[in-house]
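A look at the structure
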Amino acid sequence: MKKIITFGTYDLFHIGHLNILKRAKALGDYLIVGISSDELNIKKGKKSVIPLEERVEIIKAIKYVDEIFIEDSLELKDEYIKKYNADLLVMGDDWKDKFNWVSCPVIYLDRTPNISTTQIKEYIHNKNYN
Ligand code: C2G
């Protein structure tokens, strides 16, 4: 059984998030998702709108996802990979080459164009809606 691992915050869950989970799962048989804690997001310079507990519930309900855990640190990537016996790390290409140091192969998939959490926040902030 080929195990895939991927990581993310998945704040204001959107089609780009769904696409990467679907494409990650299609590369193997079992998909494990590390969900960034609220503290890790603050370290990454982001503040999530949706709290961790709710992001967890949403990701758990996605049919492509087999298992989830909480990601507390970017530096622990290889520990998570070993703990969950992952065969392949999948990330979006905004992280291209950032995780080449881990012990399993890594694939960076193209991001879905024209959608991001930042864009949604800006859209609402600028009141571009009726
Ligand atoms: N993504 C995508 N297309 C978009 C937006 C996001 O493919 N239009 C992908 C990202 O490339 C990432 C995943 O969706 O692989 C989750 O994105 P974020 O929630 O923004 O995750 P991030 O905060 O970058 O956290 O350990 C690494 C991190 O925890 C990743």
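As a starting point, this report considers the structure included with it. (Residues numbered from 1 in each chain as written. Predicted model: local features only at pLDDT ≥ 70, side-chain atom pairs only at ≥ 80, totals over all residues. Heavy atoms only, no water.)

**Digging into helix H1 (residues 15–26)**
For H1, built from 12 residues, the straight-helix expectation of 16 Å at 1.5 Å per residue is met to within 8% by its first-to-last C-alpha distance of 16 Å. Within the span of H1, buried status applies to Gly16, His17, Ile20, Leu21, Ala24 and Lys25. One face of H1 carries all of its buried residues, which in axial projection span an arc of 165 degrees. Looking at the buried side of H1, the elements it contacts are strand S1 (3–8), strand S2 (30–36), helix H3 (52–60), strand S4 (88–92), strand S5 (106–109) and helix H5 (117–125). (Helix = DSSP H or I, 4+ residues; strand = E, 2+ residues; numbered from the N terminus. Expected span 1.5 Å × (residues − 1). Buried < 20%, exposed > 50% of the residue type's maximum accessible area, 1.4 Å probe, protein only. Arc of directions from axis to C-beta. Contact = heavy atoms within 4.5 Å.)

**Things to note about the pattern of salt bridges**
With the rule as written, the count across this model stands at 6 salt bridges. Between Asp66 and Lys25 there is a salt bridge; the shortest N-O distance is 2.9 Å. Residue Asp66 is located in the loop between H3 and strand S3 (67–71), and its partner Lys25 is located in helix H1; the two are separated by 41 residues in the primary sequence. Classification of Lys25 as buried rests on a relative accessible area of 17%. Note that Asp94 is salt-bridged to Arg111, the shortest N-O span being 3.0 Å. Taken as a pair, Asp94 in the loop between S4 and S5 and Arg111 in the loop between S5 and H5 lie far apart in primary sequence, 17 residues in all. Residue class for Asp94 comes out partly exposed when judged on its relative accessible area of 40%. (Salt bridge = Lys/Arg side-chain N within 4 Å of Asp/Glu carboxyl O.)

**As for the layout of surface pockets**
Estimated volume of the largest pocket: approximately 650 Å³. Lining the largest pocket are 34 residues, with His17, Lys46, Asp94, Trp95 and Arg111 sitting closest to its centre. It is H1 that provides the largest number of residues to the lining of the largest pocket, a total of 5 residues. (1 Å grid on protein atoms, 1.4 Å probe; cavity = no way out; pocket = protein on both sides within 12 Å on 5 of 7 lines; lining within 4 Å. Points joined across faces, edges and corners; volume = space filled by probe spheres on them.)

**Topic: the site of the ligand**
Near the ligand, the surroundings consist of 21 residues, among which Lys46, Glu71, Lys77, Asp94 and Ile115 are the closest. One of the side-chain N or O atoms of Lys77 is found 2.5 Å from an oxygen atom in the ligand. At a separation of 2.8 Å, a nitrogen atom of the ligand approaches a polar backbone atom of Thr112. Across the complex, the protein chains shield 96% of the 630 Å² of accessible surface that the ligand would expose by itself. A majority-of-atoms criterion places the ligand in the largest pocket. Here the shell around the ligand gets 3 residues from one element, more than from any other, and that element is H1. Here the residues of the shell around the ligand are counted per class, giving 7 nonpolar, 8 polar and 6 charged. (Near = heavy atom within 4 Å. Polar contact = N/O pair within 3.5 Å; in protein donor to acceptor, adjacent residues only side chain to side chain. Areas by Shrake-Rupley, 256 points an atom, 1.4 Å probe, with all protein chains shown as cover. Sits in = over half its atoms within 2 Å of the grid points. Nonpolar A, V, L, I, M, F, W, Y, C, P; charged D, E, K, R; others polar.)

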